[in-house]
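Structural overview
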Protein chains: 2
Amino acid sequence: MNALVLESLGQLVLKTIELGPLPEGYARLRMLTAALNHRDEWIVQGQYAKIQYGVVLGADGCGIVVEINAADRRLLGQRVVINPNQNWGADHRVQGNSYTILGMPTHGTFAEYLDVPLDRLYPVPAHLSDEEAAAFPLAGLTAYRALFVQGQFHQSNTVLVTGIGGGVALFGLQYAKASGACAIAVTSGAQWKLERAQQLGATVGVLYTGDAWEQELRRRLGGGFDLCLDGICGEPFNRLIAAANPAARIIVYGATLGVVPKLDVHRIFWKQLHIIGSTMGSDADFEAMLRFIAEHRISPVVDAVFPLERYQDAFERMRKREQFGKIVLRIAE
Amino acid sequence: MNALVLESLGQLVLKTIELGPLPEGYARLRMLTAALNHRDEWIVQGQYAKIQYGVVLGADGCGIVVEINAADRRLLGQRVVINPNQNWGADHRVQGNSYTILGMPTHGTFAEYLDVPLDRLYPVPAHLSDEEAAAFPLAGLTAYRALFVQGQFHQSNTVLVTGIGGGVALFGLQYAKASGACAIAVTSGAQWKLERAQQLGATVGVLYTGDAWEQELRRRLGGGFDLCLDGICGEPFNRLIAAANPAARIIVYGATLGVVPKLDVHRIFWKQLHIIGSTMGSDADFEAMLRFIAEHRISPVVDAVFPLERYQDAFERMRKREQFGKIVLRIAE
């Protein structure tokens, strides 16, 4: 079969590899679609723990179950999505030491076939296309845990989602909107992304390229935020702290701008802020997210769809941060 | 009466001032003892919001009620401590905009007499001396909220208290010990403070002056901490993050070393850490703390007692950070 294999540092190649026998307790999927995550790019660039070469990348995907090596055969022939968690462990608060994510070190979704443990598979919510189905597992799970579990979202909260256009940020916006948040602010470096976000339900959009954007944010919101999802960190983080309402929660799920220089700790304790790290989510979070997506008919935002062979164009688009929503690979019809 | 008055920037002087008529709803205390806090020094140095000159400093104190201008006269003649909170507000999560602390901008405890609202007064727990009674309100309240309210202490937690010897840190250690914490680690820059802390129940003491002290801490604890009270911040903060167990809570109540350079956000989200700011505590926290101190017969650690006239020696001792416990002024017998 054809698959996108990490051959060596920086070398992601489309090549033919052999499928082994299907292990017991596993299902074999014929993959229809897969979605890119920044994680895939970090792995290619060597910026990830315990990288192994010869592995098929890809954490997100949608496929048809074509074979099952287990007694329970109910999913045979079904269109399924894959829970990308592996071995979260028993502690709902945090993943255990042996936790991994699909697509490193085990083979992932960027391939014509994928063998995964049967218990990782869920029928796709009926309202989703193949592309939308591939688009939600990793980013949708991260946003779900950040907003609802770590963030303890409440309808009365003014919500801020930074860096709108990224996968997690968009799910955060969509979930907050579907949950009845009265005020949702977003930030971006691009005016057109703010406008797209407002079509999705954002009530205030602020460019973070301007000086003192946190003051504009507070002025337009008529106050600060109660709950923020941030995947940026870096220099803007102290402006978040300045824009926060007392007792606000800032959920940090990533750091595209890296470490925070000179963290303003005085405001953290005087305002009694909660800064909470979050990554991915437990299996229980994944199931709760699936129910939420089905119940609220959340349609993930798909930015672009590339055929598998054009994976380099897809990665290039993600590297340039031009996207608004998820970038999807079409593997088969 | 004699009182320590902030005359101008840097000028704290012992002088005679007039007592006005006692307002309605107020009680007049003849002060017995008062305790110093770093806050008092920051105010003297101009490092505090909304400083007014001509104000008597002091947030902590113990006195005898000598006059009451209210119908409820039950506390007349009683030995009382003062809840230093003023106008916390209705939100238990955080103080409101009109919140202040006794001793700026209203007159504080460094005086022979003090007029305060009657509802700020509580009988001193019987097991406490006058000096111990003055020593606990501000630091004891801060530690109580940090450990139990924001920190959600549980007996199974491994607790770390940084900068042992400071008032809040010592209460944190004593409360955790009294609550049955199985493992309590402390850090300090002085070996003798670690030894004193071990006499108070600390199970591990580590000098933070050494290289890689966070590794020594983990080695001696046989793992990381689940809950940390930190009033230091600064460069060591990233070492705290490194020493934290997954899902740990770090409660920040101060920043004697100032801002954190280059906050290590990646570990925060990967470990799903909670960094929570805390300051003082609500009136409900104050009452819960009083019950806790009485029930567990907590005796605050008093470092030294100076007569009021020697206030400059007392402040000098605090500035040099030589103390282990609270520095108390004796005002009257």
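Residues numbered from 1 in each chain as written. Chains lettered and ligands numbered in written order. Predicted model: local features only at pLDDT ≥ 70, side-chain atom pairs only at ≥ 80, totals over all residues.

**Focus: the overall build of chain A**
Convention followed: Secondary structure is summarised from DSSP: a helix means a run of H or I of at least four residues, a strand means a run of E of at least two, and numbering begins at the N terminus for each. The quantity called the radius of gyration is restricted to C-alpha atoms. Its globule counterpart is 2.2 Å times the number of residues to the power 0.38. Here the C-beta atoms are placed from the backbone, and a residue counts as buried if at least 20 other C-beta atoms lie within 10 Å of its own, exposed if 12 or fewer do, and partly exposed otherwise.
Helix and strand counts for chain A come out as 10 helices and 18 strands. The C-alpha radius of gyration of chain A comes to 20 Å, within 12% of the 20 Å expected for a compact globule of 333 residues. In terms of principal-axis extent, the alpha carbons of chain A reach across some 60 × 40 × 35 Å. A buried classification covers 50% of the 333 residues belonging to chain A.

**Comments concerning the interface of chain A and chain B**
The following threshold applies: The contact rule is simple: place each C-beta atom from the backbone, and if two of them lie within 7 Å, those residues are in contact. By the convention adopted, Pro, Cys, Tyr, Trp, Phe, Met, Ile, Leu, Val and Ala count as nonpolar, Lys, Arg, Asp and Glu as charged, and the other residues, Gly among them, as polar. Two strands form a pair only when DSSP identifies at least two bridges running between them.
With 29 residues of chain A at the contact, the number on the chain B side is 29 residues. Elements with a contribution of two residues or more to the side of chain A that touches chain B: β15 (244–252), α8 (265–270) and β16 (274–277) of chain A. At 5 residues, the largest contribution of residues to the side of chain A that touches chain B is made by α8 of chain A. Partitioning the side of chain A that touches chain B into residue classes produces 18 nonpolar, 7 polar and 4 charged. As defined by bridge partners, β16 of chain A adjoins strand β16 (residues 274–277) of chain B across 3 bridges and the pair is classed as antiparallel. Bridged to I276 of chain A within β16 of chain B is H274 of chain B.

**A short note on the packing of helix α3 (residues 137–150) of chain B against helix α4 (residues 167–178) of chain B**
Residues and elements named next belong to chain B. Our working rule: Think of each axis as a best-fit line through the C-alpha atoms, taken over the contacting stretch in the case of a helix, with angles from 0 to 180 degrees between the N-to-C directions. Between 65 and 115 degrees an angle is taken as roughly perpendicular, under 35 as roughly parallel, over 145 as roughly antiparallel, and anywhere else as oblique. Note: crossing handedness is left-handed where the near helix turns anticlockwise from the far helix by less than a right angle, and right-handed where it turns clockwise.
The N-to-C vectors of α3 and α4 enclose an angle of 55 degrees; their axes lie 8 Å apart at closest approach. In this view, α3 runs oblique relative to α4, as classed from their interaxial angle. For the crossing formed where α3 meets α4, the hand is right-handed. Between α3 and α4, the residues in contact are A139, G140, T142, A143, Y144, A146 and L147 and G167, V168, F171, G172, Y175 and A176, respectively. Partitioning the contact of α3 with α4 into residue classes produces 9 nonpolar, 4 polar and no charged.

**A few points about the relation of the copies chain A and chain B**
Put simply, the rule reads: The superposition of copies rests on a least-squares fit of C-alpha positions from residues with pLDDT of 70 or more in both.
Aligned on chain B, chain A shows an RMSD of 0.0 Å; the corresponding rotation is 180 degrees and the shift along the axis is 0.0 Å. Such values leave the two copies arranged in the relation of a two-fold axis. When the interface residues of chain A are mapped onto chain B, 100% of them again lie at the interface, so the same face is used by both copies.

**Observations concerning the domain arrangement of chain A**
You'll often see interface size given as the accessible area lost when the parts meet. Residue and element names in this part refer to chain A. Stated formally: Where each domain begins and ends is defined by an automated method or by a domain database.
Domain parsing of chain A yields domain 1 (2–136 + 298–330) and domain 2 (141–277). Each of domain 1 and domain 2 was reduced to a C-alpha centroid, and the two centroids are 28 Å apart. Tallying the contact residues gives 6 residues for domain 1 and 7 residues for domain 2. By residue class, the composition of the side of domain 1 that touches domain 2 is 3 nonpolar, 2 polar and 1 charged.

**Some points on the sheet that holds strand β2 (residues 11–16) of chain A**
All names here are of chain A. Strands sit in the order β2-β1-β4 across an open sheet of 3 strands; the sheet is antiparallel. The sheet is open, and its two edges are formed by β2 and β4 (55–56), each paired on a single side. Alignment of strand β1 (residues 2–8) against β2, held across 6 bridges, turns out to be antiparallel. Note on β2: the bridge partner recorded for S8 is Q11.

**Some remarks on the environment of H266 of chain A**
All names here are of chain A. Tracing the chain through its elements places H266 in helix α8. On the basis of neighbour counts, which here come to 17 C-beta atoms within 10 Å, the residue H266 falls in the partly exposed class. Taking the C-alpha atoms as reference, H266 lies 22 Å from D211; in sequence the two are 55 residues apart.

**Description of helix α4 (residues 167–178) of chain A**
Residue and element names in this part refer to chain A. Heads up, the rule is: Expected span of a helix: the number of residues minus one, times 1.5 Å.
For α4, spanning 12 residues, the distance from its first C-alpha to its last is 16 Å, which sits close to the expected 16 Å at 1.5 Å a residue. Burial analysis of α4 places 10 of its 12 residues in the buried class, the great majority of the element. One or two steps after α4, the chain reaches G180, where phi turns positive at roughly 90 degrees.

**Describing unusual backbone geometry**
Residues and elements named next belong to chain A. Cis rather than trans, the peptide bond between M104 and P105 has omega equal to 5 degrees. By the secondary structure assignment, P105 is in the loop between β8 (100–101) and β9 (113–117). Even without being glycine, K50 reaches a positive phi, approximately 55 degrees. Structurally, K50 is set in the loop between α1 (38–44) and β4. Notably, A247 is not glycine yet its phi reads approximately 65 degrees, a positive angle. In this structure, A247 sits in strand β15.

**Considerations on the sheet that holds strand β2 (residues 11–16) of chain B**
All names here are of chain B. Reading across the sheet, the 3 strands line up as β2-β1-β4 and stay open at both edges, with antiparallel pairing between neighbours. Sheet topology places β2 and β4 (55–56) at the edges, where each strand pairs with a single neighbour. Inspection of the sheet shows strand β1 (residues 2–8) paired to β4 by 2 bridges, in the antiparallel sense. From the neighbouring strand, L6 faces β4, where its bridge partner is V55.

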